[in-house]
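An overview of the molecular structure
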Amino acid sequence: MELILFYLTSAVALFATVMMITRLNAVHGLLYLILSLLSVGVIFFLLGAHFAAVLEVIIYAGAIMVLFVFVIMMLNQGQKTIDQENAWLQPGVWILPSLMALVLLVEMAVIVVLGGNAQTGHIVNSKQVGIALYGPYLLAVELASMLLLAGLVGAYHLGKPILKITRPGGNS
Amino acid sequence: MEFGLLLSAVLFVLGLIGVMVRRNLIMILMSLEVMLNATGLAFIVAGSRWGQADGQIMFLLILTLAAAEVGVGLGLVLQIFHRFHTLDADSVNEMQG
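Residues numbered from 1 in each chain as written. Chains lettered and ligands numbered in written order. Predicted model: local features only at pLDDT ≥ 70, side-chain atom pairs only at ≥ 80, totals over all residues. Heavy atoms only, no water.

1. Topic: the confidence of the model for chain A
Averaged over every residue, the pLDDT of chain A is 82; residues scoring 70 or more account for 81%. When mean pLDDT is compared element by element in chain A, helix α2 (residues 26-46) of chain A scores highest at 89, while helix α4 (residues 79-88) of chain A scores lowest at 65. (pLDDT = per-residue confidence, 0-100. Helix = DSSP H or I, 4+ residues; strand = E, 2+ residues; numbered from the N terminus.)

2. A short note on a nonpolar patch on the surface
All names here are of chain A. Side chains of L31, W94, I95, L96, L99, L102, L105 and V106 sit close together on the surface and give an oily, nonpolar patch of about 690 Å² of accessible area. In terms of residue count, the dominant contributor to the nonpolar patch is helix α5 (residues 91-113) (seven residues). Residue placement: L99 occurs in helix α5. Residue class for L99 comes out partly exposed when judged on its relative accessible area of 48%. (Patch = residues over 30% accessible without salt bridge, like charges linked within 9 Å, V, L, I, M, F, W, Y side chains within 5 Å. Areas by Shrake-Rupley, 256 points an atom, 1.4 Å probe, with all protein chains shown as cover. Salt bridge = Lys/Arg side-chain N within 4 Å of Asp/Glu carboxyl O. Buried < 20%, exposed > 50% of the residue type's maximum accessible area, 1.4 Å probe, protein only.)

3. Describing the interface of chain A and chain B
Contacts between the two partners involve 54 residues from chain A, matched on the other side by 55 residues from chain B. Summed over both partners, the interface of chain A with chain B comes to about 4900 Å²; 82% of that surface belongs to carbon and sulfur atoms. For the side of chain A that touches chain B, the element with the most residues is helix α3 (residues 50-74) of chain A, which contributes twelve residues. Within the side of chain A that touches chain B, the residues separate by chemical class into 43 nonpolar, nine polar and two charged. (Contact = heavy atoms within 4.5 Å. Buried area = accessible area lost by both parts, 1.4 Å probe. Nonpolar A, V, L, I, M, F, W, Y, C, P; charged D, E, K, R; others polar.)

4. Observations regarding helix α6 (residues 126-133) of chain A
All names here are of chain A. Taken together, the buried positions of α6 are V129, A132 and L133. An end-on view of α6 places all buried positions within 100° of arc, on one side of the element. The outward face of α6, more than 90 degrees from its buried face, is lined by the exposed residues K127 and I131. (Arc of directions from axis to C-beta.)

Below, the structure is given as structure tokens:
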């Protein structure tokens, strides 16, 4: 049973990734990328890495994808954008990713109904992860925080002149 | 667990193909995300196989790296679009390298 779910989720992930790299429109690709990340999150859950599954959905499929959507929307302006959004809302564009996401939802429902223990590996719960993260890996956490700070400063420095220009009426 | 590692390898290769074939800068960044995600999947599979927490910690670090990379990468994309008015990676070859 677990293996069937695992193969099904893997098929969804592979299909979504192939569709992602072959889409001509960036927003269509983004839909399939979100589907691919969600299915990898379900695979994490099936493998017993519950904490990583939650982080995958929240950070990858949530925060990073919002960044992508924001930039794609920022780079399109005017009448062209309206025509594009009309085209994006055609059912043929979003019906296939929605169906595949429904498959993932049904899988999660099956797991929950069966008692929530459909792992195909060992369960590593978040308590073990936390103890190891702030024990032997403390230096890595500090390095990750330095990396995030560098990323923040870099993104701010790169985006500042553009934000200054696009701000309405602002010249400071 | 061989299947998990196989899936991770195939996802990584798909991302690599995306980086090499596509010329849209946003699509290249999205393919990079797929590659980073595939490496994270490999770590999770290994950690799940041996029941150790180290796999998930490496996944956390990869997640941090992906977040920082996407922030700086999208900033660069904004700069390139602002200067060249295109998202084509081939049009930004002023260095003639």
